[in-house]
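Examination of the molecular architecture
Single-letter residue listing:
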4 protein chains.
Amino acid sequence: MFDFSLTPELAALRERTLAFVRDVVIPAEKDFPAYDVQSPEEIKAMADRLEVLRVQAREAGLFAPHVVKEWGGMGLNMREMAIVFEEAGHSLLGPLVLNCSAPDEGNMHLLEVVASEEQKERYLRPLVAGEIRSCFAMTEPAPGAGSDPALLKTYAKRERGGWVINGTKWYTSGADGAAFAICMALTDHDSASDESKQAVKRSQATMFLVDTTNPGFRIVRHVPSMDVNFFGGHCEVVFEDCFVTDDAVLGEVGKGFQYAQVRLAPARLTHCMRWLGVAQRSMEMAIHYANARESFGQRLGQHQMVGSMLADSAMEIHAARLMIWHAAWLLDNGEQARQETSMTKVYVAETVNRVVDRAVQICGASGISEDLPLSLFYRSVRAFRIYDGPSEVHRAVIAHRILKQYAE
Amino acid sequence: MFDFSLTPELAALRERTLAFVRDVVIPAEKDFPAYDVQSPEEIKAMADRLEVLRVQAREAGLFAPHVVKEWGGMGLNMREMAIVFEEAGHSLLGPLVLNCSAPDEGNMHLLEVVASEEQKERYLRPLVAGEIRSCFAMTEPAPGAGSDPALLKTYAKRERGGWVINGTKWYTSGADGAAFAICMALTDHDSASDESKQAVKRSQATMFLVDTTNPGFRIVRHVPSMDVNFFGGHCEVVFEDCFVTDDAVLGEVGKGFQYAQVRLAPARLTHCMRWLGVAQRSMEMAIHYANARESFGQRLGQHQMVGSMLADSAMEIHAARLMIWHAAWLLDNGEQARQETSMTKVYVAETVNRVVDRAVQICGASGISEDLPLSLFYRSVRAFRIYDGPSEVHRAVIAHRILKQYAE
Amino acid sequence: MFDFSLTPELAALRERTLAFVRDVVIPAEKDFPAYDVQSPEEIKAMADRLEVLRVQAREAGLFAPHVVKEWGGMGLNMREMAIVFEEAGHSLLGPLVLNCSAPDEGNMHLLEVVASEEQKERYLRPLVAGEIRSCFAMTEPAPGAGSDPALLKTYAKRERGGWVINGTKWYTSGADGAAFAICMALTDHDSASDESKQAVKRSQATMFLVDTTNPGFRIVRHVPSMDVNFFGGHCEVVFEDCFVTDDAVLGEVGKGFQYAQVRLAPARLTHCMRWLGVAQRSMEMAIHYANARESFGQRLGQHQMVGSMLADSAMEIHAARLMIWHAAWLLDNGEQARQETSMTKVYVAETVNRVVDRAVQICGASGISEDLPLSLFYRSVRAFRIYDGPSEVHRAVIAHRILKQYAE
Amino acid sequence: MFDFSLTPELAALRERTLAFVRDVVIPAEKDFPAYDVQSPEEIKAMADRLEVLRVQAREAGLFAPHVVKEWGGMGLNMREMAIVFEEAGHSLLGPLVLNCSAPDEGNMHLLEVVASEEQKERYLRPLVAGEIRSCFAMTEPAPGAGSDPALLKTYAKRERGGWVINGTKWYTSGADGAAFAICMALTDHDSASDESKQAVKRSQATMFLVDTTNPGFRIVRHVPSMDVNFFGGHCEVVFEDCFVTDDAVLGEVGKGFQYAQVRLAPARLTHCMRWLGVAQRSMEMAIHYANARESFGQRLGQHQMVGSMLADSAMEIHAARLMIWHAAWLLDNGEQARQETSMTKVYVAETVNRVVDRAVQICGASGISEDLPLSLFYRSVRAFRIYDGPSEVHRAVIAHRILKQYAE
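Small disclaimer: the values here were computed from a predicted structure and weren't measured.

1. Some words on the overall build of chain A
- Across its full length, chain A carries twelve helices and ten strands.
- Its C-alpha radius of gyration of 22 Å places chain A within 12% of the 22 Å reference for a compact globule of 408 residues.
- Across its three principal axes, chain A shows a C-alpha extent of roughly 75 × 60 × 45 Å.
- Counting every position in chain A, which comprises 408 residues, the buried fraction comes to 60%.
- Of the contacts made within chain A by residues no fewer than 6 positions apart, 73% connect residues no fewer than 24 positions apart.

Listed below in structure tokens is the structure:
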């Protein structure tokens, strides 16, 4: 029967996470004015500063919450993640400290489900331990794969007893300083290994694990973006005659799009969880400001137009949280929940944007300054309405499913 | 741990309710072109036609779902009601047939909690059985009690060994043909009976059970309203030197406002449940229309602007339903849940209005015609943003609570 | 150079119209509880009551403002109409009294531009004089012509030295009691008269002037609709072997769609003018209510959430009015102004709906009652987002034009 | 009679401005990656680079458009400014190049109206010539003057035969590198010079012209802000025992708030004009992108959800432009037009934000990158909903005026 309680253990874990973020992470934010550093020295320095916090996270038993214990994580299910990730998300730095930030978090999940044992030992274990970082090279600049993955242009050719990848990616988040990339590339029937040839159709895609030390892998630039607080940047990356051997194939040849779904459905939801934390903190900042600041003879919050904004934010955050919890429960029950995760993604992304926008408005001149983190949040969350499928693409897909469901 | 499953019994009850509404209630809608009939003959005829359906509801085991079994109901808790009321709400006629429509449903709840055993036998039992109807006389025309209950003007004076009530009410829904009214009136300290005098402050209110046969009770008119489908009308009612004896006091003297909360918190939520059914059915009508109608070379639903409206409706209905379920769970757990029921009321009322509006738009000329029930729904649901506290009053209260909570 | 002044004459005419509506029309509204009467007796009685007011309008020099003087009107240009129609529109009855209501107003314009002198004498002159009424039979029930005129199914066959029309129309507004209909029907090349054969392509349409006394013309029913206040109803009409002679062709064979544009571009704008008056009056009602009603210790209007709604309405009405004026100026300068009239239609229709909705909300229980006309307005204006092309179709067309313009 | 034409001269000026911005300013944007430089060297370098462009602007006859010819400007009236400023505003750099950017533009206007001839020679002439820059020191950090100017804390004391100013300001835009500040400070009756003593009430304010070389003037920091592209930064500034002589008083003692209105009413509108250019350019970028990019088998713009966004932007920009033109016309006719400029400010600020937001969404990954200027626009325009009175304060004032107007 439906129920909205947390187990005592989970309630305690929430408190612990909240306390850790409040006492350790948020005070450290000032030491991380921007994550998107570019020189190797700065990247190293940032990693070192981060490691200081991560040591504390490990000590607090708050590290890699989403990974099974076998591979070094906390073994939380999606519902438990919903609780922990939201609290971690109060700070943009939080998920990074807890080693559950994008894109590593989604990559770990993908590796857990799809990778061979050897690949797991080589890539997953150090990733979970926080010893290395990774990136996911899928999005391409126009006219390549963006909202429409069918436009994929990067191509891996069967050659020299392995594969030669050529193509350009961008928004390969976290690429600079990453140890490896998961690269999505077209492969065709002829290039498939003998075993899988049967199942491969033309124009299918395959995922490859590519070490960033590979001479065929090159970072062109950090794409400057509104979502500035991303360690390792949003990079433009070129695969140029990038040769990899067969053991670089993640899972099976030709199943790239299928694996992308394996990664995206939960990744979409974990994104929601983290961003919801940003919304919650933004609203709380606005509340504190509205309680403190006076204008026109009363406290700011007593002005109904301010109160109305706060009430809307509270309602929408509440609805967003319940949608996340519900979708997490479905995933925990083995459902694919594509419709629900799509709906949740759109709703949460738009809610987060509205809530942060209202917080900026309430805080006025302070809101648009960078004295408060709201200004940074405002820019960062804007990307969320585009990442993982823009709202419009999701709406089209949601409508398509509804229409089809009732047509039957 | 949070969970969104229904028990098998509840899932079955949902199916049963849905089937009953689909097979019995909706086909009968055409026989009830309008409920707000005014002559005694028409009211009698309407009651007779309704009774035919109610017989079937009783046979289907779907009657008075919200009342404890002891008094003749199905004994559902709030979460179970959330399921049954939504399905019943697919038709404006549904809750009436199942005897869980406003205002009787809220009145039964109030009587169950507050009335004496004698009052229950006299008023509650026949109400649950569907033998009589009731009304709740609280709202007054300007400058009386509307959104702001403190403006209450109706006054009951201690006199002649009982009470003499004077005042004008309106929007006393269901009054015409009702057997009794629950009347909210100011009472003061001096007029309190000896026992309760101690606790009564000035300017407090008391609820009275007034038989509509009382010569001091008079229906002035049916207030014509957008919410036309209300059996017994939204009446303007006058209490003129209306004498009642002590046993007409519901609960204790001076506790009227307190009892109003007893009634309103769940009533606000059951309203949401029923209206959500209207939204769900409206969306489904729009889906069917969008699947069937063609324009500009494709099916209507394939036009993205139509799809976008459907996706928004699906998302918002989903969020609304989860908010209702959550608030119902809180109430089942003994919480007052004032903040959550307020948030749910605002969100659901506005969602229902948006969803019906989009359905009208999608169905175009058919939508604004009365060939589909959408036109009727459109008018009826408009009132929901005003009933039980307009959205603005709730937002102000929600904001006030938030600000206070964080100020501490 | 751009300028927003009115000539003194126009300013005076505005005042005169406003005064007439305030002093004569609005007080008479109570005598017209509904226009959509159905029996011949009631239609006659309604026409008689209307004539009493029209006599006063003629005396006040406020009759048929949009028609050239030659044919009995006031000879206003579009900008002058913008002023007069808005004031007339303060009452749904106003344009009817001034003989500038839909569909007659658009039909007069169409006849003025396209009809032969004989047709003008026969149809236009008595229409301008207010002696007869007319209707425009274009919209068809599914799967016929609605938003997409290309779906037109009604067909006129060249036969017996004239034309035989067959087809079903609905939303033929004003049909009951009208003297004639302008009927849009498909005609093909072979059925064209010899002269025009050259220019006619297959699947083109022609407009026919059909007397409602024609035995092939039949009113099936009044389609019940939210837009209730329409004299002559929104009728479903059947043309069944309806024979007309060649002089029933309006303009030339095969030019029906072209003439529809002649009618629609200004008709779209005059609709906006009239409805804007409804919005203005609704806002004013809300202002008066907000100034008079008290709640929670202050006047309603002092609550910021109420003030915010009023401010939004004032801003949007202001923007809407300027868009109408601008489009009217373009038309006066001989521009087709399709983009501007489309944009204005969408913006005004949606503004009017929002403004009336806010007025209902501010007036609360009075707003949803029919004690104020807001409830009637709320229903009536809903249709405006669908009439003359639903917002979605206009948006698609607007976007198409923009994209094309910049692609060049 | 109302008319929306431009004179041939103005149409030509518009073309000339548009061409200049397109050919000279926009290509130069890449050389101004950020204006908010902080070191004296960088400020000097930026000023030098700017001067190169300004030379071309002067040659093109496009310099200081808003200033009377007598003092070196082009002598445009408000309506002409509406045309020129919008075109200039296509680039954030445009108004700076044309020397009509905030805060200099508003300060020039204020000096023109209020300053003595000597003050004009000393401050206005070089400002118009582009030889110096200025700033306006009014806004204070909490708990000082923000939205509510009555909270003003900076105080000028009559002392030593002149005035000693003490106080902290922030968002003193353009302060770094400016030659002088106009400082708003409280002055009281006793401190007024003998002549004006009569008229001065307690708690009134006075404006002072303070050279930034004054040892009592100090820039504390550049407040980091979303509105990054501001030459001279948004500074926090301290006046510490800042002594000025009587000739530093701008206009009369005690008239500061009155002069603030002189500055704000047109400044509010010129802000709208410039920002509207940003919106127009953003929409055009989105159109070009939608015409070029393909996804899901068609051009992006053919997806209705994209088209719908473009249509909304086109409509709202159209409405916004008309509101600006109308308010400009009122000001040109000597009206104060407070209500109209307030409404225009709110509407334009919110429209600009929506339009830029939609452009970002349409351009997707490119939109949130800084490869297009949209990302910069997105951040910059956010401040516009707060500058010159946040939307909420304007709405409250607008509502107050409406209610009062109808109460009479």
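2. Some thoughts on the relation of the copies chain D and chain A
- Relative to chain A, chain D is turned by 180° and slid 0.0 Å along the rotation axis, the superposed coordinates differing by an RMSD of 0.0 Å. The symmetry that links the two subunits is that of a two-fold axis. Looking at the rotation axis and the C-alpha trace of chain D, the residue lying nearest is Arg-379 of chain D, at 3.5 Å.
- Looking at chain D, 100% of its interface residues are interface residues in chain A too, so the copies touch through the same face.

3. Quick word on helix α9 (residues 304-332) of chain D
- With 29 residues, α9 of chain D extends 41 Å between its outermost C-alpha atoms, agreeing within 8% with the 42 Å of an ideal straight helix rising 1.5 Å per residue.
- Just beyond α9 of chain D, the residue with positive phi is Gly-334 of chain D, at close to 80°.

4. Observations regarding the interface of chain A and chain B
- Chain A puts 41 residues into the contact, and the matching count from chain B is 41 residues.
- Counting residues per element, the ones that place at least two in the side of chain A that touches chain B are α8 (256-292), α9 (304-332), α10 (338-368) and α12 (391-407) of chain A.
- For the side of chain A that touches chain B, the leading source of residues is α9 of chain A, giving 14 residues.
- Across the side of chain A that touches chain B, the residue classes tally to 26 nonpolar, eleven polar and four charged.

5. What to know about the relation of the copies chain A and chain B
- Superposing chain A onto chain B takes a rotation of 180° plus a shift of 0.0 Å along the axis, which leaves an RMSD of 0.0 Å.
- With an isologous cut-off of 70% or more, the 100% of interface residues of chain A that recur at the interface of chain B puts this contact in the isologous class.

6. What to know about helix α2 (residues 40-59) of chain B
Residues and elements named next belong to chain B.
- Look at α2: 28 Å from first C-alpha to last across 20 residues, which is about the 28 Å you get at 1.5 Å a residue.
- Taking the largest bend as the criterion, α2 deviates by roughly 25°, centred on Val-52.
- Here α2 has its buried residues at Met-46, Leu-50, Leu-53, Arg-54 and Ala-57.
- Summarising the contacts, the buried residues of α2 are in contact with α1 (8-28) and α4 (94-97).
- Remark: Gly-61 follows α2 within two positions and exhibits a positive phi of approximately 70°.

7. Section: the interface of chain D and chain A
- Listed as interface residues are 37 residues of chain D and, on the opposing side, 37 residues of chain A.
- When contributions to the side of chain D that touches chain A are tallied by element, the ones reaching two or more residues are β9 (294-295), α9, α10 (338-368), α11 (374-382) and α12 (391-407) of chain D.
- Considering every element that reaches the side of chain D that touches chain A, the biggest residue donor is α10 of chain D, with five residues.
- Residue composition of the side of chain D that touches chain A, by class: 18 nonpolar, nine polar and ten charged.

8. Focus: the nonpolar core
- Residues Phe-208 of chain A, Phe-208 of chain B, Phe-208 of chain C together with Phe-208 of chain D are the most contacted members of the largest nonpolar core, which totals 572 residues.
- With residues up to four places along the chain from it excluded, the contact list for Phe-208 of chain C reads Ala-156, Trp-163, Ile-165, Cys-183, Ala-185, Val-244, Ala-248, Val-249 and Leu-250 of chain C.

9. Quick word on unusual backbone geometry
- A cis amide bond, omega 0°, links Ala-102 of chain A with the succeeding residue Pro-103 of chain A.
- Among the structural elements, Pro-103 of chain A can be located in the loop between α4 (94-97) and α5 (104-114).
- Positioned with a positive phi, Ala-64 of chain B is a non-glycine residue whose angle comes to about 50°.
- Note on placement: Ala-64 of chain B falls in the loop between α2 and α3 (78-88).
- The class for Ala-64 of chain B is buried, based on 26 C-beta atoms found within 10 Å.

10. A short note on the environment of Thr-172 of chain A
All names here are of chain A.
- Looking at the element boundaries, Thr-172 is found in strand β3 (residues 162-173).
- Between the C-alpha atom of Thr-172 and that of Met-285, which follows or precedes it by 113 residues, the distance is 32 Å.
- Once you skip the residues sitting within four places of it in the chain, Thr-172 turns out to touch Cys-135, Ala-137, Ala-181, Cys-235 and Val-237.

11. Remarks on the confidence of the model for chain A
- Looking at chain A, the pLDDT average stands at 94 and 96% of residues meet or exceed 70.
- The ipTM assigned to the predicted complex is 0.95, against a pTM of 0.96.

12. With respect to the packing of helix α3 (residues 78-88) of chain D against α9 of chain D
Residues and elements named next belong to chain D.
- The contact between α3 and α9 brings their axes to 7 Å, and the two run at 150°. Each of Met-78, Arg-79, Met-81 and Ala-82 in α3 lies in contact with α9, whose residues at this interface are Ile-324, Trp-325, Ala-328, Trp-329, Leu-331 and Asp-332.
- Looking at the contact of α3 with α9, its residues break down into eight nonpolar, no polar and two charged.

13. Some details on the domain arrangement of chain A
All names here are of chain A.
- Looking at the assigned domains, one finds that chain A contains domain 1 (8-101), domain 2 (134-254) and domain 3 (258-407).
- Taken together, the contacts link eleven residues of domain 2 with ten residues of domain 3.
- Split into classes, the residues belonging to the side of domain 2 that touches domain 3 amount to six nonpolar, four polar and one charged.

14. Digging into the packing of helix α1 (residues 8-28) of chain D against helix α2 (residues 40-59) of chain D
Residue and element names in this part refer to chain D.
- Two elements in contact, α1 and α2, have axes separated by 11 Å at closest approach and are oriented at 175°. One finds that α1 runs roughly antiparallel with respect to α2. On the side of α1, the interface is formed by Phe-20, Val-24, Val-25 and Ala-28, while α2 contributes Leu-53, Gln-56 and Ala-57.
- In terms of residue class, the contact of α1 with α2 is built from six nonpolar, one polar and no charged.

15. Concerning the pairing of strand β5 (residues 204-211) of chain D
Residue and element names in this part refer to chain D.
- Summarising burial for β5: six of the eight residues are buried, a large majority.
- As judged from the eight bridges shared by strand β4 (residues 180-187) and β5, these two strands associate in the antiparallel manner. What sits directly across from Ala-185, in β5, is Thr-206.
- Across two bridges, the pairing between β5 and strand β8 (residues 249-250) is antiparallel.

16. Let's talk about the environment of Gln-119 of chain C
Residue and element names in this part refer to chain C.
- Take Gln-119: it is sitting in helix α6 (residues 117-129).
- Taking the C-alpha atoms as reference points, Gln-119 and Ala-314, 195 residues apart in sequence, are found 44 Å from one another.
- Excluding residues that lie within four positions of it along the chain, Gln-119 makes contacts with Leu-111, Leu-209 and Leu-250.

17. Looking at the pairing of strand β7 (residues 234-245) of chain C
All names here are of chain C.
- With nine bridges connecting them, strand β3 (residues 162-173) and β7 associate as antiparallel partners. Counted as the bridge partner of Val-164 is Phe-243 from β7.
- Pairing of strand β6 (residues 217-222) with β7, which is carried by five bridges, proceeds in the antiparallel orientation. Looking at β7, one finds that Ile-219 is bridged to Val-237.

Reading the values: rules and limits
- Residues numbered from 1 in each chain as written.
- Chains lettered and ligands numbered in written order.
- Predicted model: local features only at pLDDT ≥ 70, side-chain atom pairs only at ≥ 80, totals over all residues.
- Helix = DSSP H or I, 4+ residues; strand = E, 2+ residues; numbered from the N terminus.
- Rg over C-alpha atoms; globule rule 2.2 N^0.38 Å.
- Buried ≥ 20, exposed ≤ 12 C-beta atoms within 10 Å, placed from the backbone.
- Contact = placed C-beta atoms within 7 Å.
- Least-squares fit on C-alpha atoms with pLDDT ≥ 70 in both.
- Expected span 1.5 Å × (residues − 1).
- Nonpolar A, V, L, I, M, F, W, Y, C, P; charged D, E, K, R; others polar.
- Bend = angle between axes of the 7 residues up to and from the residue.
- Core = buried A, V, L, I, M, F, W, Y, C linked by C-beta atoms within 7 Å.
- pLDDT = per-residue confidence, 0-100.
- Axes fitted to C-alpha atoms, helices over the stretch in contact; angles between N-to-C directions.
- Domains from an automatic or database assignment.
- Parallel < 35°, antiparallel > 145°, perpendicular 65-115°, else oblique.
- Pairing = 2+ DSSP bridges.

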